[in-house]
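Analysis of the macromolecular model
Here are the chains, one letter per residue:
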Amino acid sequence: ESGAAIKWGSCQLAVYNFASRGTWHCSQNMCPAKNSFLLARGILEEKKNQAPCILEPLHKTPYNLETGAAMDGSNNRIRVFATREEDGYVYVKLPPKEVLAQILDT
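The text that follows walks through the structure, step by step, so that each part is easy to find. (Residues numbered from 1 in each chain as written. Predicted model: local features only at pLDDT ≥ 70, side-chain atom pairs only at ≥ 80, totals over all residues. Heavy atoms only, no water.)

Side note on the overall build of the chain
The helix and strand tally for the chain stands at one helix and nine strands. If you list the helices and strands of the chain from N to C, you get β-β-β-β-β-β-β-β-β-α. Classification of the 106 residues of the chain by burial places 33% in the buried group. Summarising the internal contacts of the chain: among those between residues at least 6 apart in sequence, 35% fall at separations of at least 24. Accessible surface, the chain as shown: approximately 6,300 Å² in total, 46% of it carbon and sulfur. Charged side chains in the chain number 12 positive and 11 negative. The centres of these two groups are separated by 5 Å. (Helix = DSSP H or I, 4+ residues; strand = E, 2+ residues; numbered from the N terminus. Buried < 20%, exposed > 50% of the residue type's maximum accessible area, 1.4 Å probe, protein only. Contact = heavy atoms within 4.5 Å. Areas by Shrake-Rupley, 256 points an atom, 1.4 Å probe, with all protein chains shown as cover. Lys, Arg positive; Asp, Glu negative; His and termini not counted. Charge placed at Lys NZ, Arg CZ, Asp CG, Glu CD.)

Looking at the pairing of strand β9 (residues 89-92)
As judged from the four bridges shared by strand β8 (residues 83-86) and β9, these two strands associate in the antiparallel manner. The partner of glutamate 86 across the bridge, within β9, is tyrosine 89. (Pairing = 2+ DSSP bridges.)

Side note on unusual backbone geometry
Positive phi values are uncommon outside glycine, yet asparagine 35 reaches one of about 55°. By secondary structure assignment, the location of asparagine 35 is in the loop between β3 (23-28) and β4 (43-45).

As for the sheet that holds β4
Neighbouring strands of a sheet are bound in pairs by backbone hydrogen bonds; such pairs are parallel or else antiparallel. Pairing within the open sheet is antiparallel, and its three strands lie in the order β4-β5-β6. Each having just a single partner strand, β4 and β6 (62-64) make up the two edges of the open sheet. Strand-to-strand, the axes of this sheet are offset by a mean angle of 30°, without reference to chain direction. Bridge count between strand β5 (residues 53-55) and β6: three bridges; the pairing is antiparallel. Bridging from a neighbouring strand, leucine 55 pairs with proline 62 of β6. (Axes fitted to C-alpha atoms, helices over the stretch in contact; angles between N-to-C directions.)

Any functional reading would require information that these geometric values do not contain.
In structure tokens form, the structure reads like this:
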């Protein structure tokens, strides 16, 4: 279970390998509460009968990696992007670089 930061155009993204589930996920790397680029360093977690989440490393706020919603009752959200693995490669469905920069406002 691990995450890594990548750059697409001017934007930082976090890509997560949820090895125990055999799934990959991608989100913005910026924490919405602190505007710090650190989500890739968070802890991947899955509670029984719940979607996988990333725990933001400073405050441990859990974010659903399927919907982007905070799982602590707050209105915070992160942007998540569809991923798939094929022939040993991980593909992330992203808009063009300029559009992504506007969406993430980074």
